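# Structural overview for review
Letter by letter, the chains look like this.
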Amino acid sequence: MRVRQLFLLLALVGVGIVALSIGQFLSAQQPVTLTVRVDQPGVKIDPLFYGLMTEEINFSYDGGLYAELIRNRTFRDNPQNPVNWSVVKYNGGEGSISLENNPVPNTALTASLKLDATSLGSGQRAGVANEGFWGIPVKPDTTYRASFYAKVSNGFKGPLTVSIESNDGKTVFANAQVSQISPEWKKYTTTLKTGKVPASTTNRFVISTGTPGTVWLSLVSLFPPTYKNRQNGNRIDLMELLVAMKPAFLRFPGGNYLEGPNYENRFNWKETIGPIEQRPTHMSPWRYRSSDGMGLLEFLQWAEDMNAEPILGVYAGLHIDNGARIITGDALKPHVQEALDEIEYITGNTSTVWGARRAKDGHPQPFKLRFVEVGNEDWLNMGTASYDSRFTMFYDAIKAKYPDIQIISTMRTQDRNFVHSRKPDLLDDHFYINIPTALRQAHLYDNYDRKATKIFVGEWATNNPRVGDTPMMAFALGDAAWLTGLERNADVVLMNCYAPLLVNVNPGARQWAVDLIGYDALKSFGSPSYFVQKMFSNNRGDVVLPAKLDPLPMLTPEQIPVAPQPQPAPGAARGGGRGPAPVTGMFDGVYVSATRENSSGDVILKLVNVQSSPQPLSVDLQGVTTINRNASGEMITGELGAINTVAEPMKVIPQPIRLQNAGKKFAHELPSHSVSVIRLKTR
Ligand code: AHR
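Residues numbered from 1 in each chain as written. Predicted model: local features only at pLDDT ≥ 70, side-chain atom pairs only at ≥ 80, totals over all residues. Heavy atoms only, no water.

### Observations concerning the overall build of the chain
Of the regular secondary structure elements, the chain holds 10 helices and 35 strands. With respect to the three principal axes, the spread of C-alpha positions in the chain is 95 × 85 × 50 Å. For the chain, the proportion of its 683 residues judged to be buried stands at 59%. Contacts in the chain between residues far apart in sequence, at least 24 positions, make up 78% of those at least 6 positions apart. (Helix = DSSP H or I, 4+ residues; strand = E, 2+ residues; numbered from the N terminus. Buried < 20%, exposed > 50% of the residue type's maximum accessible area, 1.4 Å probe, protein only. Contact = heavy atoms within 4.5 Å.)

### Quick notes on the sheet that holds strand β2 (residues 52–53)
The strand order β2-β13-β16-β17-β18-β19-β20-β21 describes an open sheet built from eight strands, whose pairing is parallel. The open sheet has two free edges, formed respectively by β2 and β21 (493–496), since each of these has just one partner strand. Direction of pairing for strand β20 (residues 454–464) relative to β21: parallel, over a ladder of three bridges. What sits directly across from Ile455, in β21, is Val493. Sitting on the sheet, helix α9 (residues 473–488) is in contact with β19 (426–434), β20 and β21, with an inclination near 165 degrees to β20. (Pairing = 2+ DSSP bridges. Axes fitted to C-alpha atoms, helices over the stretch in contact; angles between N-to-C directions.)

### Examining the site of the ligand
Around the ligand, the structure places 12 residues, and the nearest of them are Glu55, Asn256, Glu377, Tyr432 and Glu459. In this structure, Glu55 approaches the ligand through a side-chain N or O atom, which is 2.4 Å from an oxygen atom. Here an oxygen atom of the ligand and a side-chain polar atom of Tyr432 are 2.7 Å apart. Protein chains shield 100% of the accessible area of the ligand, which is 280 Å² for the free molecule. When grouped by side-chain class, the residues that make up the shell around the ligand number five nonpolar, three polar and four charged. (Near = heavy atom within 4 Å. Polar contact = N/O pair within 3.5 Å; in protein donor to acceptor, adjacent residues only side chain to side chain. Areas by Shrake-Rupley, 256 points an atom, 1.4 Å probe, with all protein chains shown as cover. Nonpolar A, V, L, I, M, F, W, Y, C, P; charged D, E, K, R; others polar.)

### Structural notes on the packing of aromatic side chains
Enumeration according to the criterion identifies 29 aromatic pairs in this entry. Ring centres 5.2 Å apart and planes at 80 degrees place the aromatic pair Trp460 and Tyr498 in the edge-to-face group. Taken as a pair, Trp460 in strand β20 and Tyr498 in the loop between β21 and β22 (502–504) lie far apart in primary sequence, 38 residues in all. This pair shows no difference in class: Trp460 is buried, exactly as Tyr498 is. Through a chain of ring-to-ring contacts, the aromatic side chains of Tyr61, Phe252, Tyr257, Phe267, Phe299 and Trp302 assemble into a single cluster. Sitting over the ring of Tyr263, Arg266 keeps its end group 4.3 Å from the ring centre. A cation over a ring is seen here: Arg466 above Trp512, with NZ or CZ 4.0 Å from the ring centre. (Phe/Tyr/Trp six-rings, centres within 6.5 Å; stacked < 30°, edge-to-face > 60°. Lys NZ or Arg CZ within 6 Å of the ring centre and 35° of its normal.)

### Overview of the packing of helix α5 (residues 329–347) against helix α6 (residues 353–360)
In the contact formed by α5 and α6, the axes pass within 7 Å of each other and the chain directions differ by 50 degrees. In terms of orientation, α5 and α6 fall into the oblique class. Judged by the sense of rotation from one axis to the other, the crossing of α5 with α6 is right-handed. Where α5 abuts α6, its residues Asp341, Glu344, Tyr345, Ile346 and Thr347 lie against Val353, Trp354, Gly355, Arg357 and Arg358. Looking at the contact of α5 with α6 residue by residue, the class counts come to four nonpolar, two polar and four charged. (Parallel < 35°, antiparallel > 145°, perpendicular 65-115°, else oblique. Left-handed = near helix turned anticlockwise from the far one by under 90°.)

### Structural notes on the side chain of Ser524
Within the element layout of this structure, Ser524 appears in strand β24 (residues 524–526). On the accessibility criterion, Ser524 (18% relative accessible area) is buried. Polar side-chain contacts of Ser524 include one of 2.8 Å to the side chain of Asp237. In this structure Ser524 touches Arg235, Asp237, Leu238, Leu241, Gly518, Tyr519 and Pro649, once residues within four positions along its chain are discounted.

### Considerations on the environment of Val32
Considering the arrangement of structural elements, one finds Val32 in strand β1 (residues 32–37). Judged by relative accessible area, Val32 falls into the buried class, the value being 2%. Along the chain, Val32 and Ala631 lie 599 residues apart, while their C-alpha atoms are 20 Å from each other. Residues within four places of Val32 in sequence aside, it is in contact with Leu549, Asp550, Pro551, Pro553, Gln615, Pro616, Leu617 and Ser618.

### Some points on the nonpolar core
In terms of nonpolar packing, the biggest core is built from 144 residues, with Trp302 and Tyr445 touching the most fellow members. It is α9 that provides the largest number of residues to this core, a total of 10 residues. Among residues more than four places away in sequence, those in contact with Trp302 are Thr54, Tyr61, Leu65, Asn234, Met239, Leu242, Leu250, Met294 and Leu501. Within the second largest apolar cluster, 34 residues are counted, among which are Ile97, Leu115, Val162 and Val178. (Core = buried A, V, L, I, M, F, W, Y, C linked by side-chain atoms within 4.5 Å.)

### Quick notes on the sheet that holds strand β9 (residues 172–178)
Reading across the sheet, the five strands line up as β3-β6-β11-β8-β9 and stay open at both edges, with antiparallel pairing between neighbours. Unpaired on one side and paired on the other, β3 (85–90) and β9 mark the two borders of the sheet. Here the strands of the sheet are splayed against their neighbours by 25 degrees on average, with no regard to which way each runs. Where strand β8 (residues 160–166) lies against β9, six bridges are found, and the strand directions are antiparallel. Of the residues in β9, the one forming a bridge with Leu160 is Val178.

### Side note on α9
Taking 1.5 Å per residue as the helical rise, α9 with its 16 residues ought to reach 22 Å, and the 23 Å between its terminal C-alpha atoms agrees with that figure. Judged by how many residues are buried, α9 sits mostly within the fold: 15 of 16 residues are covered. (Expected span 1.5 Å × (residues − 1).)

### Describing the confidence of the model for the chain
For the chain, the mean per-residue pLDDT works out to 94, and 93% of the residues sit at or above 70. A low-confidence stretch, residues 1–27 stays under pLDDT 50, and its non-local contacts, those more than four residues away or across chains, total one contact. When the criterion is pLDDT under 50, residues 572–581 qualifies, and its contacts beyond four places in sequence or with other chains add up to 24 contacts. (pLDDT = per-residue confidence, 0-100.)

### What about unusual backbone geometry?
In this structure, Pro253 follows Phe252 across a cis peptide bond, with omega equal to 5 degrees. Considering the arrangement of structural elements, one finds Pro253 in the loop between β13 (249–252) and α3 (256–259). A cis geometry characterises the amide bond from Ala513 onward to Val514, with omega recorded as 0 degrees. Position of Val514 relative to the elements: it lies in the loop between β22 and β23 (517–519). Residue Asp141 is not a glycine yet carries a positive backbone phi of 50 degrees.

### What to know about a nonpolar patch on the surface
A contiguous nonpolar patch, built from Leu552, Met554 and Met586 and spanning about 250 Å² of accessible area, is present on the exposed surface. Considering the arrangement of structural elements, one finds Met554 in strand β27 (residues 554–555). (Patch = residues over 30% accessible without salt bridge, like charges linked within 9 Å, V, L, I, M, F, W, Y side chains within 5 Å. Salt bridge = Lys/Arg side-chain N within 4 Å of Asp/Glu carboxyl O.)

As structure tokens, this is what we get:
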């Protein structure tokens, strides 16, 4: 009996081993030879190739990069109610709050918050609390700068207590007293310092009184430490994520945010400069009011802090209103002048009117500006018919005064029949696409007419199906494959940037799925797509090298990565991506871009394996004398549906590659569903 069982077991094991080896044989990929001609450098890659695109969307600035912690700081977010503010009462104190039209003289501040503190006995207090952008972030050993405009009723004795405390009021993390508040409007400042407290977000900012009376407040502000200690500056963690991408340019201020929901709420740059109390604020097209704390100078300083060049979008008469009102002809002339003034504000020396104004605002040194884009997506909102005449007005005026500035048209290459009366220096192509389209579009520009107008891909993302805050690993594969195509075609594509860049991941904060970098009040994270771009941008290279995969692995539509579709959150972003979704025909299984960096002589390989199996490679570098056997790089892979979150910010991150077998010919295996960047030393 035992012997029979043993035979049976051996037989089963034998069958299993045979099955396993057949399975292995079936799933193993045929080795592929990657030949790179190092001695035949091709087209140059512009140093500006990788950059960033930005606008106020998803609480990108307010509640995001712009470090202000007070939400609705000028009380204009809702004309009826002091939204995001509440009355707080301690130990039985009594008080009430209301909005008042009580303008602060010589400012743009028209609304104030009135606190009526009544019947305050000993130990009792009443005050106003701000909930921040989904909480006030408390960090240990941190100094916060608080400021506010205030006036009080006659006879009010004060002082006012300014504090950061837990939402239940039980824990005060930092506080300070401000005394001698005047019955006339005045600005008050103080600092708040936390001790060794745990980091948290379930907190509020409070201004309270222990003496009865009436207090009016306007422009209440609270700043944590900012990047490079700028007064009206940016969040440090987000800036660090952006700087790590080494972006060469910053396209701003939009996007739809440039156009605004209507004429009144276009990005009117003159209302975004100077002291923050002089900025009237405006509605963004993304359905919330912008504080305009991130104004024109702040955009420029943000670019400067990243060592990036500004790419300026100028308002060109179109709004996000289905074409209800388009400004053309004579009515557009003042806006052409506004654009000229804007360029002077950015580039003019201090003897010019607007250059002097920039100096007064704190930046005497002019900024470099080489690119101006006229409008945004003028093929939407019935803008096409008037765009040529609008573009021509801006083109003629800008070129006359600034002949070296390159002017970008928002008409895409897809709008092939669009005729420009003036030849734009660049066309701005936008793509929000699904994975098959991203893979297919890795070849989009292969056959682009080399004599035609060059391209700025000013917005792109693999983001369809549009669910979630930030891209999953499957989208990062699409992004990487597409980017190899842009690099290979760097003679026609001069620059590119992903959009949107930022998203506050708190419920209700997002208008658009998906976005590159996510955060709450305290923490931030890069998505797998963020890491792909960081890997590519940090390893751009200066010239494209001819690279060939032989045989090129091919996939059927069923074999290409599928983005798992989680249930969209209630009230989630607007759906539907643009661009064709051709899920027919065969797709490349591996994508490659090979480049060479002039300064180091390094050969850089970017390899994207979208197959579900590892891909063995025989690398053959031709026309090079030596390749160091030690090479390094990074590789990112993960479950197709894997994402990073504030809770798990490092779930999908690149792993280091260390090769000790590199050479003119060497073997390497690309993991399934992976993106690899390898640097090979030629010196
Ligand atoms: O990136 C989000 C939006 O997409 C931009 O504001 C607009 O230009 C495009 O339609």
